[in-house]
Amino acid sequence: MTVPQISACSGVEKVAVANVPRSPFGADSTAEEVTEGVDLAGKLAVVTGCTSGIGFETMRVLAKRGAHVVGTSRSLEKAEAACGRVTGVTTAVQLELSSFDSVVACAESIRSQKSPIDILVCNAGYRGGGNERQLVNGIEKHFVVNHLGHFVLVNRLLERLLPARQGRIVVVASRAAYRGAPAGGIGFDDLGMARSYSDSAAYGQSKLANVLFSLQLAEMLRGTRITCNSLHPGVINTDIDRNLNPLTRFGFELLTKLSGKTIEEGAATSCYVASSDLLRSTSGHYFEDCNAVTIRGTGHMHDKAMAEKLMLVSEELTAEYLVEWRRPEWSELDDDLQNQTDG
Ligand SMILES: NC(=O)c1ccc[n+]([C@@H]2O[C@H](COP(=O)([O-])OP(=O)(O)OC[C@H]3O[C@@H](n4cnc5c(N)ncnc54)[C@H](OP(=O)(O)O)[C@@H]3O)[C@@H](O)[C@H]2O)c1
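Note that the structure is predicted; figures quoted are calculated from it, not measured.

Focus: the overall build of the protein
For the protein, the helix and strand inventory stands at twelve helices and twelve strands. For a compact globule of 343 residues, the expected C-alpha radius of gyration is about 20 Å, and the protein comes in at 19 Å, within 12% of that figure. Dimensions of the protein, computed from C-alpha atoms along their principal axes, come out at roughly 55 × 45 × 40 Å. Here the protein holds 343 residues, and 48% of them are scored as buried.

Here it is as structure tokens:
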């Protein structure tokens, strides 16, 4: 079977994944369009970084489709204000991804909801400006906020995703994972990036970590009802450029005007991957414009050895914040499902 080549430029070839259903949606579909007719009533969703940009729109649309959405921000007041602007059931929770104590507290707060988690969208993200390297406990800040914080959060919420009818973990990465990450991939021997630093390489490395984490997590979750996929939302004029200098910010905003997406379009791939019936058993893939793609020609997007190593290194770096999770027996899951149906 031939697979359609979607695009090829600057040494990168983007190819549709043959064994994932093609969606009828594309770059100009909106989050509302891709979820038209989807009923999320009774489902619990978590969206990190709900206060602006793609995360706010993702929360708004998942809530509009009936899900109870837990939305996070570094500031509880900001999360509450964002939740207050949404029609539907929402709960605000505080989360600072650069503090693992905060991640643990956030996970505990979400677990107090008692019901299984159906959708977890790891959306929150940080992009530095000014090419000033920042460290959190000796590790470069992008890697901590964008990858390790979510790594701990997912670990502490897994037990709640397992009993869901079909749990979905959606990791919002970026095409910076193959356009901006260092050529050698993740620099495990220099996670402080002392040897060489730029904001774009650090951001790209953290986004590559998002993709590889999702790839390896999908592998670990094989045989459960949880799927895990990552995605690039598009290039969108959001607050992600808040730390850039005014000139670079102007350039980014111009780029988004000329060839970018609206925020409504920017949240479409997240909402599609989080809720489409077509993707019930799709796991371990990377999406752009609502379709799974393979990136060929450059980078480490599908590098299984690097994904495995990332999982081990991330476990070592966050060991004291992780919990053991137990894969439930199928009979237990059946009981859970029965209870959910009865309830
Ligand atoms: N916009 C684009 O062109 C683009 C392209 C590719 C990928 N992405 C990815 O899309 C995701 C959403 O970004 P966006 O464009 O919507 O940007 P945004 O408007 O800046 O939103 C980022 C969200 O992340 C939260 N956040 C930032 N730092 C955090 C931290 N240390 N701990 C916890 N939460 C934090 C922010 O919440 P508070 O400030 O309220 O805490 C905010 O809600 C990110 O992962 C980004 O990398 C965006």
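Regarding the site of the ligand
Taken together, 29 residues form the shell around the ligand, and within it Gly49, Gly53, Ser73, Arg74 and Gly125 come nearest. Considering every element that reaches the shell around the ligand, the biggest residue donor is helix H2 (residues 53-64), with three residues.

Things to note about the environment of Thr256
Relative to the assigned elements, Thr256 resides in helix H8 (residues 246-259). What makes Thr256 partly exposed here is the crowd of 18 C-beta atoms within 10 Å. Through-space distance from the C-alpha of Thr256 to that of Leu62 is 25 Å; in sequence the pair is 194 residues apart. Setting aside chain neighbours within four positions, we find Thr256 in contact with Val235, Ile236 and Asn237.

Considerations on the nonpolar core
Residues Leu62, Leu120 and Val121 are the most contacted members of the largest nonpolar core, which totals 93 residues. Excluding anything up to four places from it in sequence, Leu120 contacts Val46, Val154, Leu157, Leu161 and Ile169.

Observations regarding the packing of helix H4 (residues 100-111) against helix H5 (residues 141-161)
Where H4 meets H5, the axes come as close as 9 Å, and the angle between the chain directions of the two elements is 25°. Here H5 runs roughly parallel to H4, going by the angle between their axes. Note on packing geometry: the crossing formed by H4 with H5 is right-handed. Contacts between H4 and H5 pair Phe100, Val103, Val104, Cys106, Ala107, Ile110 and Arg111 from the former with Gly149, Val152, Leu153, Arg156, Leu157 and Arg160 from the latter.

A short note on the pairing of strand S5 (residues 90-94)
Note: strand S4 (residues 68-73) against S5, five bridges, orientation parallel. Each bridged residue has a counterpart across the sheet, and for Gly71 the counterpart in S5 is Ala92. For the handedness criterion, the β-α-β arrangement of S4, helix H3 (residues 76-84) and S5 is classed as right-handed.

What about the environment of Thr262?
Locating Thr262 in the fold gives a position in the loop between H8 and helix H9 (263-266). Residue classification places Thr262 among the partly exposed residues on the basis of 15 C-beta atoms within 10 Å. Taking C-alpha positions, Thr262 is 31 Å from Asp303, a pair spaced 41 residues apart along the chain.

Calculation notes
Residues numbered from 1 in each chain as written. Predicted model: local features only at pLDDT ≥ 70, side-chain atom pairs only at ≥ 80, totals over all residues. Helix = DSSP H or I, 4+ residues; strand = E, 2+ residues; numbered from the N terminus. Rg over C-alpha atoms; globule rule 2.2 N^0.38 Å. Buried ≥ 20, exposed ≤ 12 C-beta atoms within 10 Å, placed from the backbone. Near = placed C-beta within 6 Å. Contact = placed C-beta atoms within 7 Å. Core = buried A, V, L, I, M, F, W, Y, C linked by C-beta atoms within 7 Å. Axes fitted to C-alpha atoms, helices over the stretch in contact; angles between N-to-C directions. Parallel < 35°, antiparallel > 145°, perpendicular 65-115°, else oblique. Left-handed = near helix turned anticlockwise from the far one by under 90°. Pairing = 2+ DSSP bridges. Right-handed = clockwise from strand over helix to strand, strands pointing away.

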